[in-house]
Amino acid sequence: MKNINLNVEGMSCDHCVHTIEGALNALEGVCHSKVNLQEKLVEVMYDSEKIGLDQLKLTVEDTGYEVVDQPMESKSYSDHHEKEGQCCGGHKHGDEHKEHCHNHAHHTK
């Protein structure tokens, strides 16, 4: 799993949050996305073997927002949650984690 922060212009309200998060979370290979309105960032956790950065950026732009500057790669998801021993939704790492992310992407479509 990779974790990336996209700099996004034009986000200002809850509708923006739901639009962007919904579009990204619907993509196969995206496990989780989180918008931070104050920082103008969208954090995306994704499987780089299933989806690429260009598709993530295009998806945000297709919702009407602008991805600016270079994305900032943050800690890998496993490094970020190593201390807690869990990932999104409280699932443990390993096969269960992969299954959760796979199912999550399909249920949000």
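All values derive from a computational prediction rather than experimental measurement.

Notes on unusual backbone geometry
Although it is not a glycine, Lys40 sits at a positive phi angle of roughly 60°. Locating Lys40 in the fold gives a position in the loop between β2 (30-36) and β3 (41-46). For Lys40, a relative accessible area of 39% puts it in the partly exposed group.

A word on helix α2 (residues 53-62)
Looking only at α2, the buried set comprises Leu56, Thr59 and Val60. Each buried residue of α2 lies within a common arc of 95° when the element is viewed along its axis, so the set occupies one face. The outward face of α2, more than 90 degrees from its buried face, is lined by the exposed residues Asp54 and Asp62. Just beyond α2, the residue with positive phi is Gly64, at close to 105°.

Here we look at the pattern of salt bridges
Enumeration over the complete set of coordinates arrives at one salt bridge. Between Lys40 and Glu9 there is a salt bridge; the shortest N-O distance is 3.5 Å. Note that Lys40 is positioned in the loop between β2 and β3 and Glu9 in strand β1 (residues 2-9), a separation of 31 residues in sequence. Taking the relative accessible area as the measure of exposure, Glu9 reaches 33% and is therefore partly exposed.

Digging into the pairing of β2
With six bridges connecting them, β2 and β3 associate as antiparallel partners. Paired with Val35 across the strands is Val42, a residue of β3. Between β2 and β3, which follow one another and run antiparallel, lie four residues, and Lys40 among them has a positive phi close to 60°.

Examining the state of the cysteines
All told, the structure shown has zero disulfides when counted by the stated rule. Cysteine Cys13 shares no disulfide, and the gap to the nearest cysteine sulfur, in Cys16, comes to 3.7 Å. For Cys13, a relative accessible area of 32% translates into the label partly exposed. You can call Cys16 buried: its relative accessible area is 5%.

Notes on the confidence of the model for the chain
Residue-level pLDDT values for the chain average 77, and 63% of them are 70 or greater. Low pLDDT, under 50, characterises residues 76-109; the predicted model gives this stretch 50 contacts beyond four residues in sequence or across chains.

Points about helix α1 (residues 14-25)
Under the 1.5 Å per step criterion, the end-to-end length of α1 is 16 Å for 12 residues, consistent within 8% with the ideal 16 Å. Taken as a whole, α1 has its buried residues at Cys16, Val17, Ile20, Glu21, Leu24 and Asn25. Down the axis of α1, the buried side of the element spans an arc of 140°, and every buried residue falls inside it. Of the residues in α1, the exposed ones pointing more than 90 degrees away from the buried face are His15 and His18.

Rules and cut-offs
- Residues numbered from 1 in each chain as written.
- Predicted model: local features only at pLDDT ≥ 70, side-chain atom pairs only at ≥ 80, totals over all residues.
- Heavy atoms only, no water.
- Helix = DSSP H or I, 4+ residues; strand = E, 2+ residues; numbered from the N terminus.
- Buried < 20%, exposed > 50% of the residue type's maximum accessible area, 1.4 Å probe, protein only.
- Arc of directions from axis to C-beta.
- Salt bridge = Lys/Arg side-chain N within 4 Å of Asp/Glu carboxyl O.
- Pairing = 2+ DSSP bridges.
- Disulfide = S-S within 2.5 Å.
- pLDDT = per-residue confidence, 0-100.
- Contact = heavy atoms within 4.5 Å.
- Expected span 1.5 Å × (residues − 1).

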